[in-house]
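The residues making up each chain are set out below.
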Amino acid sequence: MSNMAREILAFILTTSGWVLVSSTLPTDYWKVSSIDGTVITTATFWSNLWKTCVTDSTGVSNCKDFPSMLALDGYIQVCRGLMIAAVCLGFFGSIFSLIGMKCTKIGGPDTTKARIVCLAGITFISTGLCSLSACSLYAHRITSEFFDPMFVAQKYELGAALFIGWAGSTLCILGGALFCLSLSDGMSSKSPYPSDRRTFVNGGASLMSRPMPQSQSSHTRRPPPEYSSTSQHFDKNAYV
């Protein structure tokens, strides 16, 4: 698979996962419970991160928003923060991926685009981890209350929103991992010179910068003759 095709596949996976994660946040059925009569279901209780509701057999729903954010259970506050962080990170990740993909004309050279698309991959992986943590924490609270024999209040089961959140988290993590693989391909792009030619040029430059040894046979000069200090001095009458 080419690098561009892998980036397009990763963009489709991450964008689909981000849409699923974003749709999970306002979805009603995070946890659901029902009271069955002899023939039909008399009432259905369901709740999400923002409100709790009950629907009777005629289809009429009565909902009640959580009265105070500070009075909420700690796990609901944590799930809210993680889901909002996942939506925000997915938004920035989609922008980074559009800038860094090879099929777009913005972002600079290939090495810079590879770094940007790798950043997008890390952002989408963080999106998936935040959403996965929020859904898993909420599901753990539901299952622990359901199987606790000492818990006497209304017991709930896993709602459809949790499964949608898990699916979106998986897509975001897979797509982000594919984006991160583009960094190695971008760094190994072709250089202006081949490797052997670059080695030759560098070697030639080092040879040119090295001083050439001079030939002793052609450039060595004979030392001047030495005269002893006892040389004789003749005046003009010596040859007469």
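Conventions adopted
Residues numbered from 1 in each chain as written. Predicted model: local features only at pLDDT ≥ 70, side-chain atom pairs only at ≥ 80, totals over all residues. Heavy atoms only, no water. UniProt positions renumbered as here; feature names shortened; annotations may be inferred. Helix = DSSP H or I, 4+ residues; strand = E, 2+ residues; numbered from the N terminus. Expected span 1.5 Å × (residues − 1). Buried < 20%, exposed > 50% of the residue type's maximum accessible area, 1.4 Å probe, protein only. Arc of directions from axis to C-beta. Pairing = 2+ DSSP bridges. Axes fitted to C-alpha atoms, helices over the stretch in contact; angles between N-to-C directions. Parallel < 35°, antiparallel > 145°, perpendicular 65-115°, else oblique. Left-handed = near helix turned anticlockwise from the far one by under 90°. Contact = heavy atoms within 4.5 Å. Nonpolar A, V, L, I, M, F, W, Y, C, P; charged D, E, K, R; others polar. Salt bridge = Lys/Arg side-chain N within 4 Å of Asp/Glu carboxyl O. Phe/Tyr/Trp six-rings, centres within 6.5 Å; stacked < 30°, edge-to-face > 60°. Core = buried A, V, L, I, M, F, W, Y, C linked by side-chain atoms within 4.5 Å.

(A) Just the UniProt feature "transmembrane region" (unreviewed entry) in the protein, in detail. UniProt marks residues 74-96, 116-139 and 159-181 with the feature "transmembrane region" (unreviewed entry), using the numbering shown here. A distance of 33 Å separates the end C-alpha atoms of residues 74-96, which is 100% helix and 0% strand. Segment residues 116-139 splits into 100% helix and 0% strand. End C-alpha atoms: 35 Å apart.

(B) Region of interest: helix α4 (residues 160-180). Along its 21 residues, α4 runs 31 Å from first to last C-alpha, staying within 8% of the 30 Å computed at 1.5 Å per residue. Within α4 the residues assigned to the buried category are A161, L162, G165, G168, S169, C172, G175, G176 and F179. Looking straight down α4, one finds its buried side chains confined to an arc of 160°; they lie on one side.

(C) Spatial organisation of the pairing of strand β4 (residues 61-65). Little of β4 is tucked away, with 0 of its 5 residues classed as buried. Here 5 bridges tie strand β3 (residues 51-56) to β4, and the two strands are oriented antiparallel to one another. Bridge assignment links V54 to a residue of β4, and that residue is N62. The loop that links β3 with its antiparallel partner β4 comprises 4 residues; one of these, G59, has a positive phi angle of about 90°.

(D) Broad picture of the packing of helix α1 (residues 3-24) against helix α2 (residues 74-100). Where α1 contacts α2, the axes come no closer than 10 Å and their chain directions differ by 155°. Between α1 and α2, the angle falls in the class roughly antiparallel. Here α1 runs over α2; the crossing is left-handed. Facing E7, F11, W18, V21, S22 and T24 of α1, the residues of α2 in contact are M83, A86, V87, G90, F91, S94, S97, L98 and G100. Along the lines of polarity and charge, the residues of the contact of α1 with α2 split into 8 nonpolar, 6 polar and 1 charged.

(E) Spotlight on the pattern of salt bridges. Taken as a whole and assessed by the stated rule, the structure comprises 2 salt bridges. D110 serves as the salt-bridge partner of K102, at 3.9 Å between the closest nitrogen and oxygen. Under the relative-accessibility criterion, K102 is labelled partly exposed at 28%. According to the relative accessible area criterion, D110 is partly exposed, its value standing at 39%. Between E145 and R141 there is a salt bridge, with the nearest N and O atoms lying 2.8 Å from each other. In this pair, E145 and R141 are both assigned in helix α3 (residues 110-146), 4 residues apart and thus about one turn of the helix distant.

(F) A look at the packing of aromatic side chains. In total, this model carries 7 aromatic pairs according to the counting rule given. Residues W30 and Y138 carry aromatic rings whose centres are separated by 5.1 Å and whose planes lie at 70° to one another, so their mutual orientation is edge-to-face. In this pair, W30 is assigned in the loop between α1 and β1 (31-36) and Y138 in helix α3, connecting sequence segments 108 residues apart. For the pair formed by W30 and Y138, the shared burial category is buried. Each ring, one from Y75 and one from Y138, has its centre 5.6 Å from the other, and the planes form 50°; the classification is tilted. Placement of the pair is Y75 in helix α2 and Y138 in helix α3, with a sequence separation of 63 residues. Y138 carries the same exposure label as Y75, and that label is buried.

(G) Local environment of the nonpolar core. Among the nonpolar cores identified, the biggest contains 19 residues, and W30, L49, M83, Y138 and L162 are the most heavily contacted of them. Of all the elements in the fold, those that place two or more residues in this core are α2, α3 and α4. For this core, the leading source of residues is α3, giving 6 residues. A10, W18, M101 and F179 belong to the second-largest nonpolar core, a separate cluster that totals 6 residues.

(H) Region of the structure containing the packing of α3 against α4. At their nearest, the axes of α3 and α4 sit 7 Å apart, and the two run at 155° to each other. One element, α3, and the other, α4, form an angle in the roughly antiparallel class. Here the hand of the crossing between α3 and α4 comes out left-handed. Residues belonging to the contact of α3 with α4 are distributed by class as follows: 18 nonpolar, 8 polar and no charged.

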